[in-house]
Structures are given as structure tokens and as C-alpha cells.
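An overview of the molecular structure
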Amino acid sequence: TFLFDQLDIRGRYVRLTSEWQQWQTNRHTTPVATQLLGECVAFLALVAIDVKSLGKLTLQLRGHGQVKTLVVQCQIDREDLKLRGMIEAPELKQVNFLSEAFADGDLALTLYNELTQTNYQSIVPIEGDSATQVFADYLSQSVQHPTILWLMADEQQVTGLLLEKMPDTDAKDPDGWQRINHLASTLTDEELRDCSLDTLLHRLFHEEVIQRYQPTPAIYHCPDERDKLIEVIRSLGQDECERIISEEGKLIMSNELCNRNYVFSLADVQGIFGIPTKH
């Protein structure tokens, strides 16, 4: 995060490279689907860094078009942002209008507050040509502050940049927001993709006083959850698990967000229950 110190304009920036490349391992999504998922990841990170409470932020784009499922989650901890998510859109080859990819769709953003153990959800219709436009419209409705948003994603990286006008901006400089808007409008997709934040700030705003804050790590987080699934197996009961194995040959439990399958054999299930099989 950064601040135009004399203007009371805030900025947020995110870039994922190696973490994003790890995310793509064995996903086999189309380039357009990868781009769309990456833009959602960048947006969620930009929003999550401003959340003051510990918890989980979940972004869903839902509809009846070519995209079947798109979910991104961010666990907000004290030291970092833990991200994971998936898109199911095997036939998504191009997106002329995002509203077509999500026919009659909506954007749902849900915040789970860890302290109060409550959920807060906001839902808006998907109306727009691009993810950037859809998310910018969402911010204009939810944050109530004028914002400028850039999102960029491909197979190698995701990048996002957000500028936000604060309540005291006009009092500090009546022309400040308009000037920053004008300077920011020169930013190209190539610069967003290729330049570091230091380079971008120097190129666009070298005459402004900018205060930088300590960055927060954003990581791809998909730990092994086999132990958690053992509790699910216990809740199913031994008879049900053995019935599934007798029909399917094995018990498979999937974590689609992390693109990971967990396979349990008959011996595994018997070991979990500690009771000999009845067969």
C-alpha cells in the first residue's frame, strides 16, 4: 500500500509471479480462463489488504454462461494473505463481454469475521465488458469512494493496481484527484505487466510525494488437508464408506479449489475406524 501524502489519495498494488505459476500446475485451463481467474485473484488481494479484521474473504462470479464455477478465497492472517481458488470453464476461448460469460450472473463477495464468527455478503449483477469494469463498478457501489482500477493476468503473473480518493482529498488539494487521474490514464497494459511498482510510481507520479508502507506477503496456500477429511469420513460412518469402496473400488474426496484428490482404500478406512470390516 502507498499514500499520496499531500493529497490523501491511497494506492494498493499486488503482483504474483512464482506463486501464480505454482497455482497453474496441472490446472489445464484455457488462456482466457487463466486470465479471468488471475484478474479475480488480483482484485481479491487488493480488497483483502484493506480488511481490518482477521477472517476469510470469498469472491464468487456466478451465472449460466460458459463459466461454470469461479471461486477465489483469501485467508486474512496477521502476517500474510493466503490465496486459493479455481475456475471451471473448459470451453471459454474468448470473452467479448463478461456479462455473456456469466449470463444473468452476479458477483458475490463474502467476508467471514473470525472474531465475531459472522458472515457479511454483498451481491451485485455482472454488467460490463471486462473484469476490471465489473470490479470497478462494484467498488463504486460498495466503497462509496471514487476509485481507479487496473488488472492484468496471464500464465506468468497477475498484477493489480488500485487508486482511491479519500474523504479529505479535495480539502487538501481541489485539483489533486483530477491530476492523479490524468497522470494515471497514461498507464499502458505493457507497463503494468513489465514494470515494478517503483518504476510505475516514478514514471507516472514523479512530482508527487508518496509514502510507501511495508508490503504484506500474498501466497498461494493449499496445504495437505487429509487429516480434516478423516473427520469427514468418520462422520459418514464405516458402513457408508465401505459401501462406496465396494461399488467404486476406492473412496475419492476432492478439493477442487486446490485441484487435489485424496484417495482412501478399504484398509485406510478400516484403519480410521479401528474396527475390522464386516465383510
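What comes next concerns the included structure. For clarity, every value in this text was computed on a predicted model and none was experimentally measured. (Residues numbered from 1 in each chain as written. Predicted model: local features only at pLDDT ≥ 70, side-chain atom pairs only at ≥ 80, totals over all residues. Heavy atoms only, no water.)

1. Thoughts on the environment of Val-14
- Structurally, Val-14 can be placed in strand S2 (residues 9-16).
- By relative accessible area, which is 9% here, Val-14 ends up buried.
- Taking the C-alpha atoms as reference, Val-14 lies 7.0 Å from Ala-45; in sequence the two are 31 residues apart. (Helix = DSSP H or I, 4+ residues; strand = E, 2+ residues; numbered from the N terminus. Buried < 20%, exposed > 50% of the residue type's maximum accessible area, 1.4 Å probe, protein only.)

2. Considerations on the sheet that holds strand S11 (residues 218-220)
- Spatially, the six strands line up as an open sheet ordered S7-S6-S3-S4-S5-S11, and their pairing is mixed. With one partner strand each, in any of the chains shown, strand S7 (118-125) and S11 form the two edges of the open sheet. Taking the axes of each pair of neighbouring strands and ignoring which way they run, one obtains an average angle of 20 degrees across the sheet.
- Judged from the eight bridges that link them, strand S6 (residues 106-113) and S7 form a sheet pairing that is antiparallel. Its bridge partner being in S7, Asn-113 is matched across the sheet by Thr-118.
- Here helix H2 (residues 31-48) sits on the sheet in contact with strand S3 (55-62), strand S4 (69-76), strand S5 (81-88) and S6, set at roughly 30 degrees to S4.
- Against the sheet, helix H4 (residues 131-142) contacts S3, S6 and S7, and its axis sits at roughly 55 degrees relative to S6. (Pairing = 2+ DSSP bridges. Axes fitted to C-alpha atoms, helices over the stretch in contact; angles between N-to-C directions. Contact = heavy atoms within 4.5 Å.)

3. Some remarks on the pattern of salt bridges
- The full count for this structure, using the stated rule, is 20 salt bridges.
- With a closest N to O distance of 3.0 Å, Arg-243 and Glu-247 form a salt bridge. Of this pair, Arg-243 and Glu-247 both sit in helix H10 (residues 238-248), four residues apart, which is roughly one turn of the helix.
- A relative accessible area of 53% means that Glu-247 is categorised as exposed.
- One continuous salt-bridge network, built from bridges that share partners, spans Arg-10, Arg-12, Asp-50, Lys-52 and Glu-164. (Salt bridge = Lys/Arg side-chain N within 4 Å of Asp/Glu carboxyl O.)

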